[in-house]
Amino acid sequence: MQHYKLSLADEAATQALGKSLAHCLQSGIVIYLHGDLGAGKTALTRAILHAAGHEGTVKSPTYTLAEPYEIWVQGAVTKFMHFDLYRMRSPDEFIEAGFRDEMNERTICVIEWPEKAAGILPTPDIEIQIDILEAGRKVELRALSEKGNACLAQLHFAPNL
């Protein structure tokens, strides 16, 4: 399975990684984002969305728990759900909100703070860990399924371009 460890020097490098990820996404993929507050999970998601054709603002769904978008993936309009589960008190809230229905083969799901819904969420195709360094970020991307492996195998990332 594909596994990458990267260093991101600045916000531009985060945007470059998001752009690279946007170009290898597939419908139905589930991505978990791990990292402390302020690590750059929403910034990475914003970069993915903008690179995939979303032209509007991308706000953190901290209070709404989820924000839906439509993006271009492999030449087709695809639903993209950005979840931020930080404020969830129990995994049952995820089910009660009807979010489980969004986990399907047509929707791309990016989930911040997935541990808040442990046992409820599907196994991710890709896990991304973002750690804050004194200067920049350390990022680890790991494929956990064939779909995730296929995605990361297409990843062409050059943060300094």
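Attention in this report is confined to the structure presented alongside it. This one's a predicted model, so the numbers in the text were calculated from it and none came from an experiment.

Points about the overall build of the protein chain
- When helices and strands are tallied, the protein chain shows four helices and seven strands.
- Reading the protein chain from its N terminus to its C terminus gives the helix and strand order β-α-β-α-β-β-α-β-β-β-α.
- Along the three orthogonal principal directions, the C-alpha set of the protein chain runs to about 45 × 40 × 35 Å.
- Burial analysis of the protein chain (161 residues in total) assigns 52% to the buried set.
- Sequence separation of 24 or more characterises 67% of the internal contacts of the protein chain that already satisfy a separation of 6 or more.

Things to note about the nonpolar core
- If you look at the biggest cluster of nonpolar residues, it comprises 34 residues, and the most contacted ones within it are Leu21, Phe80 and Ile128.
- Apart from residues lying up to four places away in sequence, Phe80 is in contact with Leu25, Thr45, Ile48, Leu49, Glu67, Pro68, Tyr69, Ile71, Ile108 and Val110.
- By size, the runner-up hydrophobic cluster in this structure holds 17 residues, among which are Tyr32, Met88, Phe99 and Trp113.

Some remarks on the packing of helix 1 (residues 11–22) against helix 2 (residues 41–51)
- Two elements in contact, helix 1 and helix 2, have axes separated by 7 Å at closest approach and are oriented at 50°. As the angle between them shows, helix 1 and helix 2 are arranged oblique. In the crossing of helix 1 with helix 2, the sense of the turn from one axis to the other is right-handed. On helix 2, the residues touching Glu11, Thr14, Gln15, Leu17, Gly18, Lys19, Leu21 and Ala22 of helix 1 are Ala43, Leu44, Ala47, Ile48 and Ala51.
- In terms of residue class, the contact of helix 1 with helix 2 is made up of eight nonpolar, three polar and two charged.

A closer look at the pairing of strand 6 (residues 126–132)
- In this sheet, strand 6 lies alongside strand 2 (residues 30–34) in parallel orientation, the contact comprising four bridges. Of the residues in strand 6, the one forming a bridge with Ile31 is Ile126.
- Bridging between strand 6 and strand 7 (residues 137–143) involves seven bridges; their strand directions are antiparallel. Along strand 7, the bridge assignment pairs Asp131 with Lys138.
- If you look at the hairpin formed by strand 6 and strand 7, you'll find four residues sitting between the two strands, and Gly136 has a positive phi there, around 90°.

Observations concerning the packing of aromatic side chains
- Applying the stated criterion across every chain, the model contains five aromatic pairs.
- With a centroid separation of 5.2 Å and an interplanar angle of 70°, the aromatic rings of Phe83 and Phe99 are classed as edge-to-face. With Phe83 in strand 4 (residues 76–84) and Phe99 in the loop between helix 3 (92–96) and strand 5 (107–112), this residue pair connects regions lying 16 residues apart in the sequence.
- Relative accessible area serves as the criterion here: at 11%, Phe99 is assigned to the buried category.
- A network of ring pairs unites the aromatic residues Phe83, Phe94 and Phe99 as a single cluster.

Some details on the side chain of His34
- In this fold, His34 is placed in strand 2.
- For His34, the residues in contact, after removing those within four places along its chain, are Lys41, Pro114, Glu115, Glu127, Ile128, Gln129 and Ile130.

A look at helix 2
- Within helix 2, eight of the eleven residues are buried, which leaves the element mostly enclosed by the surrounding structure.
- Those residues of helix 2 hidden inside the fold are in contact with helix 1, strand 2, strand 3 (66–73), strand 4, strand 5 and strand 6.
- Where helix 2 terminates, the next one or two residues include Gly53, which has phi positive at roughly 105°.

Conventions used here
Residues numbered from 1 in each chain as written. Predicted model: local features only at pLDDT ≥ 70, side-chain atom pairs only at ≥ 80, totals over all residues. Heavy atoms only, no water. Helix = DSSP H or I, 4+ residues; strand = E, 2+ residues; numbered from the N terminus. Buried < 20%, exposed > 50% of the residue type's maximum accessible area, 1.4 Å probe, protein only. Contact = heavy atoms within 4.5 Å. Core = buried A, V, L, I, M, F, W, Y, C linked by side-chain atoms within 4.5 Å. Axes fitted to C-alpha atoms, helices over the stretch in contact; angles between N-to-C directions. Parallel < 35°, antiparallel > 145°, perpendicular 65-115°, else oblique. Left-handed = near helix turned anticlockwise from the far one by under 90°. Nonpolar A, V, L, I, M, F, W, Y, C, P; charged D, E, K, R; others polar. Pairing = 2+ DSSP bridges. Phe/Tyr/Trp six-rings, centres within 6.5 Å; stacked < 30°, edge-to-face > 60°.

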